[in-house]
Amino acid sequence: KMSCEIRLSGIGKSDAIEAFLGEAPFAGRRPAFFGDDVSDEDGFATVNQRGGWSVLVGDERQTRAQLRLPDPDAVCRLLWELLDSPERPPPGTTPP
């Protein structure tokens, strides 16, 4: 796995989540955040504080995420299922 993230100095994923949640159409909504590495932990914490779904994607490990999915394909299946019924808890998720 190889990735590159470009961001402003001093601005993290939690800042981006807070900014989104302060703007229409996201204001007042329950956030969901999917991440797969340690750089996502601040995002998980912010989403947890906002009563949202924090989802670790990949192998089990120590995390602030409340839920876990095994791989990106499982994320896609979950999103398709949620399109059918957005009020139920995330199907197929397991605690980390």
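In case you missed it, the structure is sitting above this.
Below or above, wherever it landed, is the structure these notes cover. These numbers were taken from a predicted model, which means no experiment stands behind them.

Across its full length, the chain holds 3 helices and 3 strands. Ordering the α and β elements of the chain from the N terminus gives α-β-α-β-β-α. With 96 residues in all, the chain has 33% of them scored as buried. Partitioning the intrachain contacts of the chain with sequence separation of at least 6 by distance along the chain shows that 31% fall at a separation of at least 24. Within the structure as shown, the chain displays about 6,700 Å² of accessible surface, and the carbon and sulfur contribution to it stands at 55%.

Turning our attention to the packing of aromatic side chains. Following the criterion strictly, the structure yields 2 aromatic pairs and no others. With centroids separated by 5.3 Å and ring planes inclined at 85°, the aromatic side chains of Phe20 and Phe26 adopt a geometry described as edge-to-face. Aromatic side chains Phe33 and Phe44 sit 5.5 Å apart centroid to centroid with 75° between the ring planes, which places their arrangement in the edge-to-face category. With Phe33 in strand β1 (residues 32–35) and Phe44 in helix α2 (residues 41–49), this residue pair connects regions lying 11 residues apart in the sequence. Residue class for Phe33 comes out buried when judged on its relative accessible area of 14%. The exposure class of Phe44 is buried, given its relative accessible area of 0%.

Moving on: the nonpolar core. If you look at the biggest cluster of nonpolar residues, it comprises 9 residues: Trp53, Val55, Val57, Leu67, Leu69, Ala74, Val75, Leu78 and Leu82. Breaking this core down by element, the ones donating at least two residues are β2 (53–57), β3 (67–69) and α3 (72–84).

What follows concerns the pattern of salt bridges. If the charged atoms of two oppositely charged side chains come close together, the side chains can form a pair. Counting across every chain of the model gives 5 salt bridges. Of the charged contacts, one joins Asp40 and Lys13 as a salt bridge, the two residues approaching to 2.4 Å between their closest N and O atoms. Taken together, the residues Asp40 in the loop between β1 and α2 and Lys13 in helix α1 (residues 13–21) connect sequence positions 27 residues apart. Under the relative-accessibility criterion, Lys13 is labelled partly exposed at 22%. A salt bridge links Arg68 to Glu60, with the shortest nitrogen-to-oxygen separation between them at 3.7 Å. Arg68 sits in the buried class, given a relative accessible area of 14%. Among the residues examined, Glu60 registers a relative accessible area of 57% and is labelled exposed.

A few words now on α2. An α-helix turns once every 3.6 residues. As a result, residues three or four positions apart point the same way. Among the residues making up α2, those that are buried are Glu41, Gly43, Phe44, Ala45, Thr46 and Val47. Packed against the buried residues of α2 are α1, β1 and β2. Backbone geometry just after α2 places Gly51 at a positive phi near 75°.

Rules used throughout
Residues numbered from 1 in each chain as written. Predicted model: local features only at pLDDT ≥ 70, side-chain atom pairs only at ≥ 80, totals over all residues. Heavy atoms only, no water. Helix = DSSP H or I, 4+ residues; strand = E, 2+ residues; numbered from the N terminus. Buried < 20%, exposed > 50% of the residue type's maximum accessible area, 1.4 Å probe, protein only. Contact = heavy atoms within 4.5 Å. Areas by Shrake-Rupley, 256 points an atom, 1.4 Å probe, with all protein chains shown as cover. Phe/Tyr/Trp six-rings, centres within 6.5 Å; stacked < 30°, edge-to-face > 60°. Core = buried A, V, L, I, M, F, W, Y, C linked by side-chain atoms within 4.5 Å. Salt bridge = Lys/Arg side-chain N within 4 Å of Asp/Glu carboxyl O.

In short, geometric facts, not functional conclusions.
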